[in-house]
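Tertiary structure, described
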Amino acid sequence: MTIKGNGVNAGWNLENSYLDLPEFFYSRLLPAPVSSPKLAVLNHPLAESLGLDPEALLKEGAAIFAGNRVPPGSIPLAQAYAGHQFGHFTMLGDGRAILLGEQITPKGERFDVQLKGSGRTPYSRGGDGRAVLGPMLREYIISEAMHALGIPTTRSLAVAATGDMVYREEALPGAVLTRIAASHIRVGTFQYAAKWGTVDDLRVLADYTLERHFSENRCSEDNDAANHEEDAFAYAPSSSYNCEDNGNKYIFLLSEVVRRQAFLIAKWQLAGFIHGVMNTDNMALSGETIDYGPCAFMDVFDPDTVFSSIDTHGRYAYGNQPIIAAWNLSRFADALLPLLHENERKAVEIAQNEVSKFNDLFYGYWFDGMRAKLGIFNDEPYDDDLVGYLLGMMLKYRADFTNTFRALTNDDTEGMDIFKTDEFIGWKMQWRARQSRQPQSPDEAYLLMLHNNPSVIPRNHRVEEALEAAVKYGDYSVMQKLLSVLSDPYSYSPEHEVYTTLPAPSSCPYQTFCGT
Ligand code: AMP
Ligand code: MG
């Protein structure tokens, strides 16, 4: 451990490459100090993978994670961006977030370290720049669960309580979340550049994004991304791109962003995850899930499921997520037009062609995932009927999404109503017959299902229970236990059993709120 001017260096190894962009893209400022920083939760494994020493962070981290002190090497800034919020375009930007810098890990990877809830910025509009403890702990739990499920996501390094009250409909305890992301470049960042910047600004941003996220597979005919085991996109092979072909790397950027989103949304659908607020400022070009606000996991399978209290028209309902992703990608393509071709008509043609690939890509990833959930390795003509019929029954009999697949995996089709029907009994025979036609053994099929059907997800009542204990009573043990179970969602261990049960029927449906 090295001692630097700023106290004990816990392993901070920050760079600030975002500052290389024109100043138009950010505002430099410090986080606003808080009264009484206290570490509520620290993610030890994540800290270690970033090259940070958890023990040192426990001792000294609260001041940094609350924004009272910046880590060595940090040049803090707030990022500018725009976005379509529920379809309406507006100027946004980090209204309550500060990018501390990019941590370079011992493996040489680069991750943004961002404080969320760190005070007002030039982009705060009417907001107070602050965040509430409950929702920050909620983001921590759900983002870590998503990571363990194998879904590309930003992660949570820490939550620090501030000791200050935040005023929403009532006075609530304040907190700052430290978010770790491949980057915070959003569709909205490009929209901002396209609307208020020059074409040069747009090009510089596109070049920076290519360099940051797509440099490995750019210009390589023989893409070896599939060999990177730890790459979240390992089984989303890149479309081949050859610099010699057309020379336009911005078309490649668009096609890769489309592909990564297709992969990500397929993963959401396969896990029953509902983001809740898929505005274009909440779509990251890295392909990570970002901005956990009113998100939640669906219990009963129903494409119309909406949890967010502000999504009154169901724009961001479970079943709409792929459609909205394609719409957002069209907004990204709009922003990129000047770089796609000098002739506007040709640029539009290129953009439409690239965005139109989303549907097939999404369906391909989703369908492969559905086959895997059913223990099917290969491809047969009527597989779509097999999947579609099951989903139809799940909808009709209001079956719990996760527990249906869990029961099929365990071959324990007793408890749920859906399994008592003649329809299901007939379907099951067809499904088993289908499995028996593949070369793989039943054991192999079982293992495939085990790896693709989580036993536990962050069920809403469990998350609420953990938050209540932490926020109301200062008891973090419920949350720690939940985090530990969620960190191993495919293990099917006996201690998971209790986390798979549904809440007692309640008269009011679960609702999530944006007032975070
Ligand atoms: P979100 O709904 O979290 O994606 O936020 C949308 C926009 O509102 C972003 O520009 C945020 O930075 C901004 N924002 C959200 N909450 C606050 C707040 N309490 N103070 C200032 N800006 C905020
Ligand atoms: Mg946002």
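What counts as what
Residues numbered from 1 in each chain as written. Chains lettered and ligands numbered in written order. Predicted model: local features only at pLDDT ≥ 70, side-chain atom pairs only at ≥ 80, totals over all residues. Heavy atoms only, no water. Donors = N, O, S within 2.8 Å, 3.2 Å for Na, K, Ca; no water. Buried < 20%, exposed > 50% of the residue type's maximum accessible area, 1.4 Å probe, protein only. Phe/Tyr/Trp six-rings, centres within 6.5 Å; stacked < 30°, edge-to-face > 60°. Helix = DSSP H or I, 4+ residues; strand = E, 2+ residues; numbered from the N terminus. Lys NZ or Arg CZ within 6 Å of the ring centre and 35° of its normal. Polar contact = N/O pair within 3.5 Å; in protein donor to acceptor, adjacent residues only side chain to side chain. Salt bridge = Lys/Arg side-chain N within 4 Å of Asp/Glu carboxyl O. Axes fitted to C-alpha atoms, helices over the stretch in contact; angles between N-to-C directions. Parallel < 35°, antiparallel > 145°, perpendicular 65-115°, else oblique. Contact = heavy atoms within 4.5 Å. Nonpolar A, V, L, I, M, F, W, Y, C, P; charged D, E, K, R; others polar. Domains from an automatic or database assignment. Core = buried A, V, L, I, M, F, W, Y, C linked by side-chain atoms within 4.5 Å. pLDDT = per-residue confidence, 0-100. Near = heavy atom within 4 Å. Areas by Shrake-Rupley, 256 points an atom, 1.4 Å probe, with all protein chains shown as cover.

**Thoughts on the coordination of the magnesium ion (ligand 2)**
Protein coordination of the magnesium ion (ligand 2) is provided by Asn282 (OD1) and Asp291 (OD), with donor distances spanning 2.0 to 2.2 Å. Like Asn282, the residue Asp291 is buried in the burial classification.

**With respect to the packing of aromatic side chains**
Throughout the structure, instances matching the rule amount to 26 aromatic pairs. Both rings, one in Phe24 and one in Phe25, keep their centres 5.0 Å apart while their planes meet at 75°; by these two values the pair is edge-to-face. Judged by its relative accessible area of 22%, Phe24 is partly exposed. Residue Phe25 is classed as buried on the basis of its relative accessible area of 0%. A ring pair is formed by Phe263 and Tyr365, whose centres lie 5.2 Å apart and whose planes are at 85°; its orientation type is edge-to-face. Residue Phe263 is found in helix H7 (residues 249-271), and its partner Tyr365 is found in helix H10 (residues 358-373); the two are separated by 102 residues along the sequence. In this arrangement the basic side chain of Arg331 is found over the ring face of Trp327, its NZ or CZ atom lying 4.6 Å from the centre. Note that Arg432 overlies the ring of Trp431, its terminal NZ or CZ placed 4.1 Å from the centroid.

**A short note on the environment of Asn279**
Tracing the sequence through the fold places Asn279 in the loop between strand E14 (273-274) and strand E15 (296-297). You can call Asn279 buried: its relative accessible area is 3%. Asn279 sits 208 residues away from Ser487 along the chain, and the two C-alpha atoms are 28 Å apart. A polar contact is formed between the side chain of Asn279 and the backbone nitrogen of Phe86, at a distance of 2.8 Å.

**What about the pattern of salt bridges?**
A full pass over the atoms with the stated rule returns 33 salt bridges. Here Glu354 ties to Lys357 by a salt bridge, and the two come within 3.2 Å at their closest N and O atoms. With relative accessibility at 37%, the residue Lys357 sits in the partly exposed group. In this structure, Arg459 engages Asp400 in a salt bridge whose closest nitrogen and oxygen atoms are separated by 2.8 Å. With Arg459 in the loop between helix H14 (442-452) and helix H15 (460-473) and Asp400 in the loop between helix H11 (383-396) and helix H12 (401-410), this pair connects stretches of sequence that are 59 residues apart. Classification of Asp400 as buried rests on a relative accessible area of 3%. Three or more residues joined by partner-sharing salt bridges are found here, namely Asp368, Arg371, Asp379, Glu380, Asp383, Arg434 and Arg437.

**Section: unusual backbone geometry**
Most peptide bonds take the trans form, and the phi angle of most residues other than glycine is negative. Not every positive phi belongs to a glycine, and Arg125 is a case in point at roughly 50°. Within the secondary structure, Arg125 sits in the loop between strand E10 (110-116) and strand E11 (131-132). The exposure class of Arg125 is exposed, given its relative accessible area of 53%. Phi at Asp291 is positive, roughly 70°, even though this residue is not glycine.

**Examining the packing of helix H5 (residues 199-213) against helix H8 (residues 321-340)**
Interhelical geometry of H5 versus H8 gives an angle of 100° and a closest axis separation of 10 Å. One element, H5, and the other, H8, form an angle in the roughly perpendicular class. Listed contacts from H8 to Val199, Leu202, Arg203 and Ala206 of H5 are Ala335, Pro338 and Leu339. Residue composition of the contact of H5 with H8, by class: six nonpolar, no polar and one charged.

**Regarding the domain arrangement of the protein chain**
Looking at the protein chain, the domain boundaries give domain 1 (14-181), domain 2 (187-218 + 232-368), domain 3 (369-450) and domain 4 (460-499). The C-alpha centroid of domain 4 is placed 28 Å from the C-alpha centroid of domain 3.

**Some points on the nonpolar core**
Grouped together as the largest cluster of nonpolar side chains are 97 residues, with contacts concentrated most on Phe190, Leu340 and Leu408. Among the elements that make up this core, the one with the highest residue count is H7 (15 residues). Here Leu340 is in contact with Asn248, Tyr250, Ile251, Leu254, Ala333, Ala347, Ile350 and Ala351, once residues within four sequence places are set aside.

**A look at the confidence of the model for the protein chain**
For the protein chain, per-residue confidence averages 92 on the pLDDT scale, and residues scoring 70 or more make up 91% of the total. Between residues 1-7, whose pLDDT stays under 50, and residues either more than four places distant or in other chains, the model counts 13 contacts. Predicted confidence is poor over residues 218-235, with pLDDT under 50, and the contacts of this stretch with residues over four places away or in other chains come to 28 contacts.

**A few points about the site of ligand 1**
By nearness alone, 17 residues border ligand 1, and Gly93, Gly95, Arg125, Asp128 and Gly129 come closest of all. Side-chain polar atom of Arg125 to an oxygen atom of ligand 1: 3.0 Å apart, as the coordinates give it. Take Asp291: an N or O atom from its side chain is 3.4 Å from an oxygen atom of ligand 1. In isolation ligand 1 has 480 Å² of accessible area, and contact with the protein removes 81% of it. There are two domains that each give the shell around ligand 1 at least three residues, and those are domain 1 (14-181) and domain 2 (187-218 + 232-368).

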